[in-house]
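# A look at the structure
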Amino acid sequence: MVPLRRELSASYAFVERNFRAVRRYWGWEVVFLFHSIVSALTVAFIAPGGVVVAGQQFDSDRLILFLVVGTVVWAYLDSVFDSVAFMVSWERWEGTIESTFMAPIRRVTFIAGSSAFAVLYSFARAVVILVVVALFFSLDMGAANWVGAFAVLAIGSLGLLGIGIMSAALPLLFLERGSQMTVVVQASLLLVSGVYYPVEVLPDWLEWFSVISPATYVLNAMRAAVLDGVTLIDLLPHFGPLMLITAVTLPLGVWVFGWAERYALRHGRLKRSG
Amino acid sequence: MQPAVSIDHLVKRFDPAGFGGAWRRALGRPLKDPIVALDAINVTVRRGEVYGIVGSNGSGKSTLARVVATLLLPDSGAVQVFGHDVVKEARTVRRFMNRVSVEASFFKKLSPLENLSFTARIYGLPAGEARERIFEILKRLGIEEKAIRRPMDQMSRGQQQKVAVARALLTSPVLLILDEPTTGLDPRSKREVQDFVREICDTHDATVILMTHDMDEAEQLCDRLAVIDKGRILVEDKPTALRREGETLEDAFIRLTGHAVEVHEPDKTAAGGGG
Ligand SMILES: Nc1ncnc2c1ncn2[C@@H]1O[C@H](COP(=O)(O)OP(=O)(O)O)[C@@H](O)[C@H]1O
Ligand SMILES: [Mg+2]
């Protein structure tokens with residue numbers, strides 16, 4: 001087989017295996033999905049609730065859409081990040097870390113396969129959440145530019161992968177503490193990216209961090225596409241920062257991963273027992 | 001003829017402090033002594049032989065297995081597998097080497113078929129052919145058709161371990177490293193795994209390195225044996241040659257190391273703590 005085809009097929013192996021594992025844990029999948037859907041609904045209710053609390057009319061339909069885009073896009077990005085950052089921990093948790101790292105494939109093949117799974121899995125979940133919430137609130141999304149929205153998501157995923165891959169490498173360095181750091185990164189992204197509010201409302205020093213979060217640009221672009229139906233051409237300016245972030249973090253992520261792996265191989269951090 | 005594996009002055013130490021060690025060094029604090037897991041190991045494994053490495057817990061067997069299997073980088077010394085350096089040509093070595101460890105490392109919720117199909121894909125075996133071979137190997141191991149599709153966590157440890165050996169076999173390794181493949185198994189499963197290993201040795205021209213602390217197993221399966229203790233190889237010979245008149249291999253082990261194989265446990269601490 002041609003080397004590239006071989007590596008592609010090998011990376012598909014991770015996609016297939018992980019989906020099979022998800023299927024076997026279907027009970028948990030259903031529960032988590034239920035949780036995500038309920039969270040999304042709860043957030044969307046903030047809009048009509050806000051009208052009551054404030055005691056004055058405002059365009060709560062636009063706020064609902066604003067929140068729904070935020071919550072669904074965050075559900076997606078959070079899941080991509082989670083899943084990518086979990087790639088090493090998952091192998092360790094199942095006990096396959098050594099057999100996976102011993103396989104005669106390039107490390108990027110493993111990273112690419114695990115990331116592809118993360119994106120597909122998260123996308124499927126996000127679509128389900130969106131459909132349920134849209135039906136529940138009879139949302140009018142007739143103006144949305146779905147092609148644009150899809151493009152935003154595709155490019156946005158790349159922007160997040162680099163950071164996810166770096167986080168994935170942490171457990172190679174610190175065993176348990178690595179996973180803890182991942183949670184901190186994830187929570188910080190939620191705070192600074194403007195998931196449920198425009199980042200302008202943040203204090204200045206926090207707003208500054210929103211500039212380096214890829215999620216900020218994904219959310220802005222997605223709202224432009226879904227709320228305002230902005231055309232693909234007009235979305236392009238949003239892609240600039242995302243591509244810049246990707247160009248920096250993705251190669252850096254892969255490099256950091258390689259470095260962490262060498263550290264782990266030198267210091268016996270892959271696995272110790274057995 | 002080029003040896004299957006040549007290990008030359010291999011040294012591997014573990015820094016017990018991990019990342020903390022780097023801080024201590026930077027601050028000029030005293031460092032804990034590193035654990036010398038492998039202390040200048042020299043071994044040559046010939047093609048086609050079953051080479052045994054016997055030693056008690058903590059003697060360095062798994063560390064040695066991992067260095068040869070490209071899962072640990074040596075501190076110094078060199079290891080070559082069929083002439084390929086395990087550090088510089090790791091991916092080449094990985095292509096024709098496989099390792100079975102004491103824990104059957106699978107996605108336990110997936111079936112043997114799913115786990116082995118994954119391996120087949122990773123190793124670039126054509127899907128149809130792989131499927132046939134998976135069924136063939138697993139059936140020969142006496143694993144029922146039904147069990148092949150059921151989650152692995154419903155199998156006994158002995159069965160799981162057999163699937164682990166089958167997985168290694170699926171990749172057609174020329175070097176097979178078996179790190180305590182029967183430790184912790186009940187006597188019957190143990191025998192079955194041993195029989196399977198013997199069958200592999202008879203029917204495939206693979207070279208096998210077997211780490212074990214089971215003297216009977218070592219004597220029955222190995223063409224040559226090395227006794228390892230505290231990271232050093234004490235002797236190396238045919239099992240029959242290691243024993244003196246009237247001695248069992250166990251006796252010989254005690255004479256050579258000064259302790260029984262099961263007792264000596266220098267390190268009882270659990271897996272390394274977070275950095
Ligand atoms: N990853 C590791 N980190 C730190 N110490 C280790 C690691 N692996 C092994 N050791 C230590 O090295 C020594 C040899 O261990 P090992 O090779 O696992 O022995 P065996 O397999 O013969 O029981 C032991 O003292 C063990 O605690
Ligand atoms: Mg061991």
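Residues numbered from 1 in each chain as written. Chains lettered and ligands numbered in written order. Predicted model: local features only at pLDDT ≥ 70, side-chain atom pairs only at ≥ 80, totals over all residues. Heavy atoms only, no water.

## Looking at the overall build of chain B
- Scanning chain B from N- to C-terminus turns up 11 helices and 10 strands.
- Projecting the C-alpha coordinates of chain B onto the three principal axes gives extents of approximately 60 × 55 × 40 Å.
- Buried residues in chain B amount to 52% of all 275 residues.
- By sequence separation, contacts in chain B at least 24 residues apart represent 71% of the contacts at least 6 residues apart.
- Accessible area of chain B: about 12,300 Å², with a carbon and sulfur share of 49%.
- If the 40 positive side-chain charges of chain B are averaged to one point and the 39 negative ones to another, these points end up 6 Å apart. (Helix = DSSP H or I, 4+ residues; strand = E, 2+ residues; numbered from the N terminus. Buried < 20%, exposed > 50% of the residue type's maximum accessible area, 1.4 Å probe, protein only. Contact = heavy atoms within 4.5 Å. Areas by Shrake-Rupley, 256 points an atom, 1.4 Å probe, with all protein chains shown as cover. Lys, Arg positive; Asp, Glu negative; His and termini not counted. Charge placed at Lys NZ, Arg CZ, Asp CG, Glu CD.)

## Topic: the interface of chain B and chain A
- Of the residues lining the interface, 45 residues belong to chain B; the matching set on chain A comes to 48 residues.
- Summing the contributions of chain B and of chain A, the shared interface buries around 4,200 Å²; its carbon and sulfur component is 57%.
- There are seven salt bridges connecting chain B and chain A.
- For Glu-16 of chain A, the salt bridge goes to Arg-121 of chain B, with nearest N and O atoms at 3.0 Å.
- Contributing elements (two or more residues each) for the side of chain B that touches chain A: strand 1 (5-14), helix 2 (61-68), helix 3 (90-95), strand 6 (97-100) and helix 4 (112-122) of chain B. (Buried area = accessible area lost by both parts, 1.4 Å probe. Salt bridge = Lys/Arg side-chain N within 4 Å of Asp/Glu carboxyl O.)

## Overview of the packing of aromatic side chains
- Following the criterion strictly, the structure yields 19 aromatic pairs over all chains and no others.
- Considering the side-chain rings of Phe-123 of chain A and Phe-150 of chain A, the 5.6 Å spacing of their centres and the 85 degrees angle between planes classify their relative orientation as edge-to-face. Taken as a pair, Phe-123 of chain A in helix 7 (residues 107-136) and Phe-150 of chain A in helix 8 (residues 146-174) lie far apart in primary sequence, 27 residues in all.
- By relative accessible area, which is 31% here, Phe-123 of chain A ends up partly exposed.
- Arranged with centres 5.8 Å apart and planes meeting at 90 degrees, the rings of Phe-82 of chain B and Phe-96 of chain B form a pair that is edge-to-face. Here Phe-82 of chain B, found in the loop between strand 4 (76-81) and strand 5 (84-85), pairs with Phe-96 of chain B, found in the loop between helix 3 and strand 6; they are 14 residues apart in sequence, far enough to count as distant.
- Taken together through their ring pairs, the aromatic side chains of Phe-19, Phe-86, Trp-90, Phe-117 and Tyr-121 of chain A together with Phe-107 of chain B make up a single cluster.
- The cationic tip of Arg-107 of chain A hangs over the ring face of Phe-101 of chain A; the distance from NZ or CZ to the ring centre is 4.4 Å.
- The ring of Phe-106 of chain B has Arg-167 of chain B sitting right over it, with the charged end atom 4.0 Å from the ring centre. (Phe/Tyr/Trp six-rings, centres within 6.5 Å; stacked < 30°, edge-to-face > 60°. Lys NZ or Arg CZ within 6 Å of the ring centre and 35° of its normal.)

## Description of the sheet that holds strand 9 (residues 224-229) of chain B
All names here are of chain B.
- If you trace the six strands from one edge of the open sheet to the other, you get 6-7-8-3-9-10, paired in mixed fashion. Two strands bound the open sheet, and with one partner strand each, they are strand 6 and strand 10 (232-237). Strand-to-strand, the axes of this sheet are offset by a mean angle of 15 degrees, without reference to chain direction.
- Pairing analysis gives five bridges linking strand 9 to strand 10, with the strands arranged antiparallel. (Pairing = 2+ DSSP bridges. Axes fitted to C-alpha atoms, helices over the stretch in contact; angles between N-to-C directions.)

## So, the confidence of the model for chain B
Residue and element names in this part refer to chain B.
- Model confidence for chain B is summarised by a mean pLDDT of 89, while 92% of its residues fall at 70 or above.
- Ranking the helices and strands of chain B by mean pLDDT puts strand 5 first, with 98, and helix 1 (residues 19-27) last, with 68.
- Note that residues 264-275 has pLDDT below 50 and, in this model, 23 contacts with residues that lie over four places away or in other chains.
- Both scores are given for the predicted complex: the pTM is 0.92, the ipTM 0.90. (pLDDT = per-residue confidence, 0-100.)

## Focus on a negative patch on the surface
Residues and elements named next belong to chain B.
- A surface patch of like charges, here negative, comprises Asp-216, Glu-250, Asp-251 and Glu-262.
- Among the structural elements, Asp-251 can be located in helix 11 (residues 249-257).
- A residue is classified by how much of its surface remains accessible, and Asp-251, at 34% relative accessible area, is partly exposed. (Patch = residues over 30% accessible without salt bridge, like charges linked within 9 Å, V, L, I, M, F, W, Y side chains within 5 Å.)

## Section: the domain arrangement of chain B
Residues and elements named next belong to chain B.
- Each assigned domain of chain B is listed here: domain 1 (1-96 + 173-275) and domain 2 (105-172).
- The interface of domain 1 with domain 2 comprises 16 residues on the first partner and 14 residues on the second.
- In total, domain 1 and domain 2 occlude about 1,300 Å² of area from one another, counting both sides; carbon and sulfur atoms represent 66% of this.
- Of all residues in domain 1, Pro-173, Leu-185 and Phe-196 give up the largest surface area on contact with domain 2, accounting jointly for 39% of the area buried on that side. (Domains from an automatic or database assignment.)

## Concerning the packing of helix 7 of chain A against helix 8 of chain A
Residue and element names in this part refer to chain A.
- It is at 11 Å that the axes of helix 7 and helix 8 come closest, and there the two elements cross at 135 degrees. Taken together, the axes of helix 7 and helix 8 lie oblique to each other. When the axes of helix 7 and helix 8 are compared, the crossing they make is right-handed. Residues Ile-111, Ser-115, Val-119, Phe-123 and Leu-130 of helix 7 form the contact with helix 8, whose participating residues are Trp-146, Phe-150, Leu-153, Ser-157, Leu-161 and Ile-165.
- Here the residues of the contact of helix 7 with helix 8 are counted per class, giving nine nonpolar, two polar and no charged. (Parallel < 35°, antiparallel > 145°, perpendicular 65-115°, else oblique. Left-handed = near helix turned anticlockwise from the far one by under 90°. Nonpolar A, V, L, I, M, F, W, Y, C, P; charged D, E, K, R; others polar.)

## Re the pairing of strand 1 of chain B
Residue and element names in this part refer to chain B.
- Here strand 1 pairs with strand 2 (residues 35-45) via seven bridges, running antiparallel. Its bridge partner being in strand 2, Lys-12 is matched across the sheet by Leu-38.
- Pairing of strand 1 with strand 4, which is carried by five bridges, proceeds in the antiparallel orientation. Residue Ile-7 lies in a different strand from strand 4, and its bridge partner there is Val-79.

## Quick look at the environment of Ala-225 of chain A
Residues and elements named next belong to chain A.
- Relative to the helices and strands, Ala-225 is located in helix 11 (residues 214-227).
- When its relative accessible area of 0% is taken as the criterion, Ala-225 is described as buried.
- Aside from chain neighbours lying at most four places away, what touches Ala-225 is Ala-143, Ala-144, Asn-145, Gly-148, Ala-149, Val-230 and Leu-235.

## A look at the pattern of salt bridges
- Scanning the entire structure with this criterion turns up 27 salt bridges over all chains.
- A salt bridge links Arg-62 of chain A to Asp-228 of chain A, with the nearest nitrogen and oxygen atoms 3.0 Å apart. Of this pair, Arg-62 of chain A sits in helix 4 (residues 60-85) while Asp-228 of chain A sits in the loop between helix 11 and helix 12 (232-267), placing them 166 residues apart in sequence.
- For Asp-214 of chain B, the salt bridge identified is with Lys-190 of chain B, shortest N-O distance 3.1 Å. Here Asp-214 of chain B is found in the loop between strand 8 (207-212) and helix 9 (215-221), whereas its partner Lys-190 of chain B is found in helix 8 (residues 187-203), with 24 residues between them in sequence.
- With relative accessibility at 17%, the residue Asp-214 of chain B sits in the buried group.
- Within this structure, Glu-16, Arg-20, Arg-23 and Arg-24 of chain A together with Glu-114 and Arg-121 of chain B form a network of salt bridges that share partners.

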